[in-house]
Amino acid sequence: MMKLFNLSAASKALLTAGVLSLAMSGCSGDDGKDGEDGKPGPVGSPIGEVSQVKADITSASVSEDGFLTVNFNLSDANGAAVFGLQQTDIGAVSFGRVGSEDEVDTTDIEGSPREVWLSYFNKDKGDGHYTGSSYFQGKNCEDCLTDNGDGSYTLVLNKAIDTLGKYDYTADATSGIYLGVKAANDAGASLINNSFFYWQPSSDTTQDKPKAVIANETCQSCHRPGQDGSLSMHGGKHVTLESCTFCHTDYNTYMKDIKDEDGNVTGQMQYDGSIKAMAHDIHSHSFYADNGVYPQIASNCQTCHQADENVPMADAWKADLDTATCMSCHNSPYAVPSWHWDSENGQIAEGKENCVSCHNDPNGGQRGAENGHYVKNDNAQAAASKVTFNSMSYDADSKTVTANMTVTNGDTTVTLAQIDPSPYKYGGYTSAIVFNGVVSDDFIVNYQKVGFDKFTEAADGSIDVTFSDGEFKVAEVMETAGVTVALSSQIHICFDGKGTVADCEVDGEGAVSNSGPYVSSDTAYFGVDGTVVDSSPRVQHADMEACQQCHTTAIKHRYSNDMDGCASCHNGTRDKKGTGSSNLAYIAHSKHYVYDSSGDLFFKKTECQACHGENGFSLSKITADAAPVAFGANDTEQLVVSPQTAACISCHQAPYGLNDATASHIQSMGGILLQEGADLNTLGVPASTYETLNVQETCSTCHKDASILEAHSNWGSSH
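A quick note: this is a predicted structure, and the numbers were derived from the prediction, not measured.

Caption draft 1: Broad picture of the environment of Gly-235. Tracing the chain through its elements places Gly-235 in the loop between helix H2 (216-220) and helix H3 (241-247). Sequence separation of Gly-235 and Lys-182 is 53 residues, and the distance between their C-alpha atoms is 9.5 Å.

Next up, the structure:
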């Protein structure tokens, strides 16, 4: 009888090792020596297993017959090698050099040609038009890519330099390569990377990025990577501004069909396809169009052309050397003086086509780019002006507040005669300050505009604003325990039409013809005794800098440098005249579900971190004693909702975002949402009832930061 043994896992491993050892001993050569070691396996990850890739071009060369070779490494998010890139994963390779306008006949001021980018892969668009858009794609080649198996690759293009005979290849010029990778991992996620390499071929030395006008990050402050509205062009593979510049060169022009509302072609027009013209055209039309996807007026150049020491040509827009740049915006009867426009032919009048021949101030001409848009521009100077609150005092006997402020434009103090005194169309005055107080993390009364009629000029040129109880809720604010007084402004100053502050021109009906837009203001805080409070007493759930990345100086009906300037009006005490909330969270969320002109979702309000940073959306940041939020009113008083609940239902409204089951869940977790028997269109309980409740919300116990982000991550879009 055979005896059976049960081998442990360890015994099996030892036995296996012994068998392998015996087997390997038979692999020695005839001389009894071991054979050569095998080639080590690659250290890194196959591309199917990574979630992110980054290409780093290490060197490049150009053959005598004009074919480009590119050597590059591919790594993951941790810098480890990635192998297995396929030839079809090379989405684009573009190639070019720095040249002169004279080489493409676009110089507007003789003797002053600009540096421009010249593509080595031009495309003929017919009728004398051509573009730099004929880039290489890996799918059009069978054996161009070599995977060295260690994360390094060599790409030899099968596409020769072709400038259509417009200019030559120059080895001494600063040249550049754009490599666009678009692959997919095993989970089906796209792996996209745009990388760049600049060098001088003749000396084989790397060079700094040329023509750095705008940083990629500036565009991406609104076009946020990985979110709706991100830069993701031509199949989603071109995701940076820099990639656009390789094809959309300054000489990029072609004929474009003009279509009527039914899509019928009614004519053709010459179209400037350069990156600057397209960016100007898209952003100006997106601002003036009904959808308003671009929140900043396009004439505010510095929204995109931001001063940056790391961007050598950040001031290039001031040069006044390029008519095409002017014409990308100033191309209609609404954008030029009437004597510049040929209305019969619908075009710029003959003799006015070269803008920079006249508009080249300060070189003896008319207002150029900087003066036309800023230095001698009323709108820009209003945005550059400021209201500063110097002091606040309270007379408890007369229940009167006196605030003192200084209005400045640069180093100049603005006088009372230069502040718009006109009546506001909805009541009160165009120029006013806003007075309120903060307790329990919110403003305690509906907003109060203290108008121009309360302004008097002090001896030092500052402005005193004096107002009393009765006309305003002075006592209610000043005599509330623990209150911090908040002051901000809504002031307009007057200009002469060329950016210089001037006395206001008031007609017989009180209207002012030369008033500018709102002057910016910081919210100022004071104790009841007049002591200055250095910072906001409110929890900051969002940072105004996040807003200003898109809304640089254009936020509807006023401009504030901080969130409290908005919240002082759109606070928890305010509702939409009985229906719905006018709280800042509700207003902001309702405006941030934005579609572009093609109907695609540009920005979704569920991208929490876009506005709220790392944790501003956190329910745990809503303090236990935070004030309730008004969501309507009954016949006698406001209907209010508890604060954590209010944050959620500022988005989650019936019928799509709120149902009876959800409402029941909210209330079971201590949320105060609606009265018994009320439907979901009448949110809130009477304010007097709320005050008797022992409100203890526990929403944040389960709805932690990570779960909130996860729940919103894929809601309502492709991301």
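Caption draft 2: Main features of the state of the cysteines. For the structure on display, the rule yields three disulfides. A disulfide bridge connects Cys-141 with Cys-144, and the sulfur atoms are separated by 1.7 Å. Disulfide Cys-141-Cys-144: torsion about the S-S bond near 85°, hence right-handed. By relative accessible area, which is 3% here, Cys-144 ends up buried. Across a sulfur-sulfur distance of 2.0 Å, Cys-494 and Cys-504 are joined as a disulfide pair. Residues Cys-494 and Cys-504 are joined through a disulfide that is right-handed, its torsion about the S-S bond being 95°. Placement of Cys-494 in strand S27 (residues 492-494) and of Cys-504 in the loop between S27 and strand S28 (515-518) is noted, with a sequence separation of 10 residues between them. The exposure class of Cys-494 is buried, given its relative accessible area of 0%. On the accessibility criterion, Cys-504 (14% relative accessible area) is buried. For the protein, numbering the cysteines in disulfides from first to last along the sequence yields the connectivity 1-2, 3-6, 4-5. Between Cys-301, a cysteine without a disulfide, and Cys-329, which holds the nearest cysteine sulfur, the sulfur-to-sulfur distance is 7.8 Å. Here Cys-301 falls in the buried class, since its relative accessible area comes to 15%.

Caption draft 3: Spotlight on the pairing of strand S15 (residues 265-272). Pairing between strand S14 (residues 253-259) and S15: seven bridges, direction antiparallel. Note that in S15 the partner of Lys-259 across the bridge is Val-265. As consecutive antiparallel partners, S14 and S15 are separated by five residues, and within that stretch Gly-263 has a phi angle of approximately 85°, a positive value.

Caption draft 4: The arrangement of the packing of aromatic side chains in detail. All told, the structure shown has 22 aromatic pairs when counted by the stated rule. When the ring of Tyr-254 is compared with that of Tyr-271, the centres are 5.4 Å apart and the planes differ by 50°; the resulting orientation is tilted. Highlighted residues: Tyr-254 in strand S14 and Tyr-271 in strand S15, separated in sequence by 17 residues. Tyr-254 gets classed as partly exposed once you look at its relative accessible area, which sits at 24%. By the ring-pair criterion, three or more aromatic residues cluster together here, those being Phe-95, Tyr-120, Phe-121, Tyr-169, Phe-197 and Trp-199. Positioned above the aromatic ring of Tyr-271, the side-chain terminus of Lys-256 is 4.3 Å from the ring centre.

Caption draft 5: Expanded view of the pattern of salt bridges. Evaluation of the coordinates by the stated rule reveals 17 salt bridges. Glu-479 is the partner of Lys-399 in a salt bridge, and the nearest nitrogen-oxygen pair spans 2.7 Å. Of this pair, Lys-399 sits in the loop between strand S18 (385-395) and strand S19 (400-409) while Glu-479 sits in the loop between helix H8 (474-478) and strand S26 (484-490), and the two are 80 residues apart along the sequence. For Lys-399, a relative accessible area of 27% translates into the label partly exposed. On the basis of relative accessible area, Glu-479 is assigned to the partly exposed category, the value being 48%.

Caption draft 6: Just the sheet that holds strand S5 (residues 90-100), in detail. Read across the open sheet, the five strands follow the order S6-S5-S11-S12-S13; overall the sheet is antiparallel. Sheet topology places strand S6 (115-119) and strand S13 (205-206) at the edges, where each strand pairs with a single neighbour. In this sheet, strand S12 (residues 190-200) lies alongside strand S11 (residues 175-184) in antiparallel orientation, the contact comprising 10 bridges. Within the sheet, the bridge partner assigned to Tyr-178 lies in S12 and is Phe-196.

Caption draft 7: Main features of the nonpolar core. Within the largest apolar cluster, 35 residues are counted, with the highest numbers of intra-cluster contacts made by Ile-433, Phe-435 and Phe-455. Of all the secondary structure elements, the ones that give two or more residues to this core are S18, S19, strand S21 (432-439), strand S25 (463-468), H8, S26 and strand S30 (524-526). In this structure, Phe-435 is in contact with Val-401, Gln-448, Val-450, Phe-467, Lys-473, Val-474, Val-477, Met-478, Val-485, Ala-486 and Leu-487, ignoring residues within four places of it in sequence. Ile-47, Ala-55, Phe-121 and Ile-177 belong to the second-largest nonpolar core, a separate cluster that totals 32 residues.

Caption draft 8: Looking closely at helix H4 (residues 275-288). The terminal C-alpha atoms of H4 lie 20 Å apart, and with 14 residues this matches the ideal 20 Å at 1.5 Å per residue to within 8%. What H4 keeps buried is the set Lys-276, Ala-277, Met-278, His-283, Ser-284 and Ser-286.

Caption draft 9: Local environment of the layout of surface pockets. Size it by volume and the second largest pocket reaches roughly 1,300 Å³. Met-269, Gln-270, Tyr-271, Asp-272 and Met-327 are, among the 35 residues lining the second largest pocket, the residues nearest its centre. Listing elements by their share of the lining of the second largest pocket, those giving two or more residues are S14, S15, H4, helix H5 (323-327) and strand S17 (347-348). If one sorts the elements of the lining of the second largest pocket by residue count, S14 sits on top with six residues. Among the residues making up the lining of the second largest pocket, the classes are represented as 13 nonpolar, nine polar and 13 charged.

The rules behind these values
- Residues numbered from 1 in each chain as written.
- Predicted model: local features only at pLDDT ≥ 70, side-chain atom pairs only at ≥ 80, totals over all residues.
- Heavy atoms only, no water.
- Helix = DSSP H or I, 4+ residues; strand = E, 2+ residues; numbered from the N terminus.
- Disulfide = S-S within 2.5 Å.
- Buried < 20%, exposed > 50% of the residue type's maximum accessible area, 1.4 Å probe, protein only.
- Pairing = 2+ DSSP bridges.
- Phe/Tyr/Trp six-rings, centres within 6.5 Å; stacked < 30°, edge-to-face > 60°.
- Lys NZ or Arg CZ within 6 Å of the ring centre and 35° of its normal.
- Salt bridge = Lys/Arg side-chain N within 4 Å of Asp/Glu carboxyl O.
- Core = buried A, V, L, I, M, F, W, Y, C linked by side-chain atoms within 4.5 Å.
- Contact = heavy atoms within 4.5 Å.
- Expected span 1.5 Å × (residues − 1).
- 1 Å grid on protein atoms, 1.4 Å probe; cavity = no way out; pocket = protein on both sides within 12 Å on 5 of 7 lines; lining within 4 Å.
- Points joined across faces, edges and corners; volume = space filled by probe spheres on them.
- Nonpolar A, V, L, I, M, F, W, Y, C, P; charged D, E, K, R; others polar.

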